[in-house]
Amino acid sequence: LARSFSSEVKKAQPTVVALKNAFRDRLQEAREAALLGGGQARIDTQHKRGKLTARERISLLVDDGSFREYDMLKTHRCDEFGMEKEQYYGDGVVTGHGLINGRKVF
């Protein structure tokens, strides 16, 4: 009886691999949300004004595939002026490092 009970408990608990995969999935979803910034509507508004988003401007500036963004998943901590109702990943300044003509820039 003890053997069957312990094997049932082990089956009910997620494995380390399952936890890692679940974390990777959540992280990927968060990164995709961060790339949208304030949402697709805000990106569309920028484009209608003839402007690019910060990440689009950076991708034009740096060498292809070289930009590594810092703190992509940060959010603000403001709780005044109704700001607590709007939380976006990467809210604020886009920072990182990359290469311009092969030279490292920050």
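Residue positions are given per chain, counting from 1 as you read along its sequence in written order. Confidence filtering applies because this is a predicted model: local features only for residues at pLDDT of at least 70, side-chain atom pairs given and counted only at 80 or more, and all residues used for totals across whole chains, interfaces and linings. Computation of side-chain values covers all heavy atoms of the structure but excludes hydrogens and water.

Peer 1: What is the right way to look at the overall build of the protein chain in this model?
Peer 2: When its secondary structure is counted, the protein chain shows four helices and three strands. Elements are defined by DSSP. Helices are runs of H or I of four residues or more, strands are runs of E of two residues or more, and each kind is numbered from the N terminus. Beginning at the N terminus, the succession of helices and strands in the protein chain can be written as α-α-α-α-β-β-β. When a residue's accessible area, from a 1.4 Å probe over protein chains only, is under 20% of the maximum for its type it is buried; when over 50% it is exposed; and in between it is partly exposed. Counting across all 106 residues of the protein chain, residues that qualify as buried make up 16%. Residue contacts are defined here by distance: any two heavy atoms, one from each residue, within 4.5 Å place the two residues in contact. Here the contacts in the protein chain between residues at least 6 apart in sequence split such that 52% fall between residues at least 24 apart.

Peer 1: For this particular structure, what's the right way to read the sheet that holds strand β3 (residues 103-105)?
Peer 2: Sheet strands pair via backbone hydrogen bonds, and the direction of the pair is either parallel or antiparallel. In spatial order, the strands read β1-β2-β3; together these three strands make up an open sheet with antiparallel pairing. The sheet is open, and its two edges are formed by β1 (68-70) and β3, each paired on a single side. With strand direction ignored, the average angle separating the axes of adjacent strands in the sheet is 20°. Paired strands, in this sense, are two strands between which DSSP finds at least two bridges. Across three bridges, the pairing between β1 and strand β2 (residues 95-100) is antiparallel. Residue pairing across strands places glutamate 69 opposite glycine 96, the latter belonging to β2. In this analysis, axes come from line fits to C-alpha atoms, helices being fitted only over the stretch in contact, and the angle between any two N-to-C directions falls in the range 0 to 180 degrees.

Peer 1: Help me understand helix α2 (residues 16-35), please; the structure alone is not making it clear to me.
Peer 2: Since one α-helical turn is 3.6 residues long, residues separated by three or four positions face the same way. Between the first and last residue of a helix there are one fewer steps than residues, each counted as 1.5 Å, and that sum is the expected span. Here α2 contains 20 residues, and its C-alpha end-to-end distance of 29 Å stays within 8% of the 28 Å for a straight helix at 1.5 Å per residue. At the exit of α2 stands glycine 37, carrying a positive phi of roughly 60°.

Peer 1: Got a minute to help me understand the side chain of arginine 55 in this structure?
Peer 2: The topology assignment puts arginine 55 in helix α4 (residues 54-61). Reaching out from arginine 55, the side chain makes a polar contact with the backbone oxygen of alanine 34 at a distance of 3.2 Å. Setting aside its immediate chain neighbours within four residues, arginine 55 contacts Ala34, Leu35, Gly37, Glu69, Met72, Gly90 and Val94. We define a polar contact as two N or O atoms separated by no more than 3.5 Å, with the added condition that, inside protein, one atom must be a possible hydrogen donor and the other a possible acceptor, whereas residues neighbouring each other in sequence contribute only through side-chain atom pairs.

Peer 1: Explain the pattern of salt bridges here, please?
Peer 2: Think of it this way: side chains of opposite charge can pair up when their charged atoms draw near. What counts as a salt bridge is simple: a side-chain nitrogen of Lys or Arg found within 4 Å of a carboxyl oxygen of Asp or Glu. Inspection of every chain in the model, using the stated rule, returns one salt bridge. Between arginine 55 and glutamate 69 there is a salt bridge, with the nearest N and O atoms lying 2.9 Å from each other. Here glutamate 69 lies in strand β1 and arginine 55 lies in helix α4, a separation of 14 residues in the sequence. For glutamate 69, a relative accessible area of 21% corresponds to the partly exposed category.

Peer 1: Even after reading the chapter, I still don't get the pairing of β2, so can you show me in this structure?
Peer 2: In regular strands, side chains alternate between the two faces of the sheet. As paired elements, β2 and β3 share three bridges and run antiparallel to each other. Note on β3: the bridge partner recorded for isoleucine 100 is arginine 103. What sits between β2 and β3 in their antiparallel hairpin is a turn of two residues, with asparagine 101 showing a positive phi close to 50°.

Peer 1: Can you help me understand the environment of isoleucine 100 in this one?
Peer 2: For isoleucine 100, the position within the fold is in strand β2. Separated by 36 residues in the primary sequence, isoleucine 100 and aspartate 64 have C-alpha atoms spaced 9.2 Å apart. Not counting residues within four places of it along the chain, the set of residues in contact with isoleucine 100 comprises Leu61, Val62, Asp63 and Val105.

Peer 1: For this particular structure, what's the right way to read unusual backbone geometry?
Peer 2: With the exception of glycine, most residues fall at negative phi, and the peptide bonds are largely trans. A positive phi angle is found at phenylalanine 81, which is not glycine, with a value near 60°. Locating phenylalanine 81 in the fold gives a position in the loop between β1 and β2. Despite not being glycine, asparagine 101 shows a phi value in the positive range, around 50°. With respect to the helices and strands, asparagine 101 occurs in the loop between β2 and β3.

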